[in-house]
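Each chain, letter by letter, is given below.
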Amino acid sequence: MRATTQEAYQLFHDGALALARAEYNGIKVDLPYCKETDKHLQNREEAMQSLLKESELYQLWGKMMPPTEINLDSTKQLGKVLFEVMEIPPPIITDKGNYSVSEEALSIVAPEVPGVQHILDIRGIQKARSTYFGGILKEQFDGVLHPFFHLNKVKTYRSSSSRINFQNLPKRDPFMMNMIRKAFSARPGHRLVEVDFGGIEVKVSACCHKDPNMLKYIRDPSTDMHRDVSQDAFFLSLEDMTPDNEDQEKDIGNIRYVGKNGFTFAQFYGDYFGNCARIMWNYIDSMNLVTKQGVGLYDHLAKHGVHNLEDFKDHLRGVEDIFWNVRFKKYSAWKKKTFKKYLDTGYVDLLTGFRCGGIPLEKNQVLNTPIQGPAFHCLLWSLIETDKELRRNNMKSLILGQIHDAIVLDVLDSEFDNVLDLLLNIMCKRLRKYWKWIIVPMEVTVEASPVDGNWSELKKLKLN
DNA sequence: TGTTCATGG
DNA sequence: TATCCATGAACA
């Protein structure tokens, strides 16, 4: 470890102890449900394989090689059948120059090739069985799972998790989310609770470069960075924007979502306009984006002289220029300065007292490290303090784990209000007293299950 | 062991 | 200019 200050050393020392207690606590799993569901999935997997074997795709597969050598899970064989035997133009090529058979690639050919959808369905089932239910059943002990949390594996001084990885359980796909998270139960009389920092990486980034425009976006709730960028990217007035969604995390399908994830976040991680343009252009189609007045977005762009992807790239070149050289000029200057310092010294220092370097880093890594690491350290400090307070007050509520910007707890119902007050106080107030470099407000969202509920049943709480 | 695919922040 | 950080399974 390369902590340059006592404080940084202490954070990881105390963090290791607090996370060890979370590992010791563990999360209760519903064993009968896991075994039953896994069995059900096994039947379904076999049924899907039978269906696949009735397809023409499988016939052609059989002509390509002796039956004993057929492996329906082989990505290499699948690529050969689709893109050589059937002569379909490969939609995506991998980094090493092979045919890609990722979900993205296969869903493009699936409408024309019966059987391909079965492969995707089978993959989903296999992922659920091997990684999730298989992992849970292998690692649980007496119905309690004890996932590990590491502080020594990630080059940005974030954490990681294993056996099982508590930090990548399905969430975005509603079916997978429900099926897998239903396996995790609250203890009797308890509720599962998840407390997230909102936009912590953007906030830490603003604390690094102190860009006045970004600080305003963060401090003034009437402004919205993603809305403004979306308006630039798609020639939209405020009235053209799809209605603001109350729950911004669930704004999938909105123009704002495309601006946020296709452009702004991609730019923060170091992407460039050409790639952003391709991704956003595809989103317009796959999400059927329309303006508030119901005009298709391709039609709307055509009115502004943007008729194809090449036109859109040209337009986005200008949007990118405004983004970095007008809107976030000071952020831009910080990037230049920080990278130059890395080239001069060979390391980059984090606000929390860690030093990264000693090995060659790419430019994007140098500029991401001071943001990703300290963002997690805000969470870790909060977790340590929460752990201290829960134990000092002899409370029955337990910390179960952590997901980069979120703490997961198993909270006794009678302690619920107290635990929430405690978390809010630590994460939004005490944290800012401890680290003076945090010059923006901290916000959290809280989700909780019913008493005796499970992790698929979290509901967002209204905080006052 | 390296590559590709899936999952998350 | 050329998207950051991970874990795990399966195949080659």
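Provided above is the structure to which this section pertains.
Residues numbered from 1 in each chain as written. Chains lettered and ligands numbered in written order. Predicted model: local features only at pLDDT ≥ 70, side-chain atom pairs only at ≥ 80, totals over all residues. Heavy atoms only, no water.

Next up on the list: the protein's contact with DNA strand B. Surrounding DNA strand B, one finds 21 residues, the nearest of these being Thr94, Val101, Asn168, Lys171 and Asp405. Among the atoms of DNA strand B lying within 4 Å of the protein, the sugar-phosphate backbone contributes 78%. Within the backbone of Glu103, an N or O atom sits 3.0 Å from a phosphate oxygen of DNA strand B. Classifying every residue of the surface near DNA strand B by side-chain character gives five nonpolar, eight polar and eight charged. (Near = heavy atom within 4 Å. Polar contact = N/O pair within 3.5 Å; in protein donor to acceptor, adjacent residues only side chain to side chain. Nonpolar A, V, L, I, M, F, W, Y, C, P; charged D, E, K, R; others polar.)

Another point: helix H17 (residues 416-434). Given a rise of 1.5 Å per residue, 19 residues ought to cover 27 Å, and the 25 Å separating the end C-alpha atoms of H17 matches this to within 8%. If you look at H17, its biggest bend is around 40°, right at Ile426. Buried within H17 are the following residues: Phe416, Val419, Leu420, Leu422, Leu423, Ile426, Met427 and Leu431. The inward-facing, buried residues of H17 contact strand E6 (190-197), helix H16 (363-392), strand E10 (406-412) and strand E11 (444-448). (Helix = DSSP H or I, 4+ residues; strand = E, 2+ residues; numbered from the N terminus. Expected span 1.5 Å × (residues − 1). Bend = angle between axes of the 7 residues up to and from the residue. Buried < 20%, exposed > 50% of the residue type's maximum accessible area, 1.4 Å probe, protein only. Contact = heavy atoms within 4.5 Å.)

Turning to the protein's contact with DNA strand C, a few remarks are in order. As a structural note, the neighbourhood of DNA strand C is formed by 31 residues, with Ser74, Asp271, Phe273, Asn275 and Gln365 the closest of them. Considering DNA strand C, the proportion of its atoms within 4 Å of the protein that are sugar or phosphate atoms stands at 76%. A distance of 2.3 Å separates a phosphate oxygen of DNA strand C from a polar atom in the side chain of Ser74. Between DNA strand C and Asn168, the relevant distance is 3.4 Å, taken from a base oxygen to a side-chain nitrogen or oxygen of the residue. Sorting the residues of the surface near DNA strand C by element identifies helix H6 (116-139), strand E4 (160-162), helix H12 (273-286) and H16 as the ones contributing at least two each. Looking at the surface near DNA strand C, its residues break down into five nonpolar, 16 polar and ten charged.

Take the sheet that holds strand E12 (residues 459-460) next. Backbone-to-backbone hydrogen bonds pair the strands of a sheet. The strands run either parallel or antiparallel. The sheet built from five strands is open, its strands ordered E9-E10-E6-E11-E12 with antiparallel pairing. Every interior strand has two partners, whereas the edge strands, strand E9 (398-402) and E12, have only one. Direction of pairing for E9 relative to E10: antiparallel, over a ladder of four bridges. Within the sheet, the bridge partner assigned to Leu398 lies in E10 and is Asp410. Contacts from H17 reach E6, E10 and E11 within the one sheet, and its direction differs from that of E6 by about 15°. (Pairing = 2+ DSSP bridges. Axes fitted to C-alpha atoms, helices over the stretch in contact; angles between N-to-C directions.)

Take the pattern of salt bridges next. Taken as a whole and assessed by the stated rule, the structure comprises 23 salt bridges. Between Arg317 and Asp314 there is a salt bridge, and its shortest N-O distance comes to 3.6 Å. Of this pair, Arg317 and Asp314 both sit in helix H14 (residues 309-327), three residues apart, which is roughly one turn of that helix. Here Arg317 falls in the partly exposed class, since its relative accessible area comes to 46%. Each of Glu385, Lys388, Glu389, Arg392 and Arg430 takes part in a single network of salt bridges with overlapping partners. (Salt bridge = Lys/Arg side-chain N within 4 Å of Asp/Glu carboxyl O.)

Another aspect to go through is the nonpolar core. A general tendency of soluble globular proteins is for nonpolar side chains to be buried together. Leu82, Phe184, Phe234, Leu316 and Trp455 are the most contacted members of the largest nonpolar core, which totals 142 residues. Counting residues per element, this core draws most heavily on H16, which supplies twelve residues. Those residues within four positions of Trp455 in sequence are excluded, and the remaining contacts are Ile27, Phe166, Leu169, Arg181, Phe184, Leu192, Glu194, Ile403 and Val408. (Core = buried A, V, L, I, M, F, W, Y, C linked by side-chain atoms within 4.5 Å.)

Let us look at the packing of H16 against H17. Two elements in contact, H16 and H17, have axes separated by 10 Å at closest approach and are oriented at 130°. With respect to H17, the element H16 is oriented oblique. When the axes of H16 and H17 are compared, the crossing they make is right-handed. Of the residues in H17, those in contact with Cys378, Leu379, Trp381, Ser382, Glu385, Thr386, Glu389 and Leu390 of H16 are Val419, Leu422, Leu423, Ile426, Met427, Arg430, Leu431 and Tyr434. Of the residues that constitute the contact of H16 with H17, the class distribution is eleven nonpolar, two polar and three charged. (Parallel < 35°, antiparallel > 145°, perpendicular 65-115°, else oblique. Left-handed = near helix turned anticlockwise from the far one by under 90°.)

Tallying each qualifying case throughout the model produces 28 aromatic pairs. Pairing Phe83 with Tyr99 gives two aromatic rings, centres 5.3 Å apart and planes at 50°, and the pair type is tilted. Of this pair, Phe83 sits in helix H4 (residues 75-85) while Tyr99 sits in the loop between H4 and helix H5 (103-109), and the two are 16 residues apart along the sequence. An aromatic cluster is built from Tyr217, Phe263, Phe265, Phe268, Phe323, Trp324, Phe328, Tyr331 and Trp334, whose rings are joined through pairwise contacts. In this arrangement the basic side chain of Arg191 is found over the ring face of Phe416, its NZ or CZ atom lying 4.0 Å from the centre. Here Lys335 stacks its cationic end above the ring of Tyr331, 6.0 Å away from the centre of that ring. (Phe/Tyr/Trp six-rings, centres within 6.5 Å; stacked < 30°, edge-to-face > 60°. Lys NZ or Arg CZ within 6 Å of the ring centre and 35° of its normal.)

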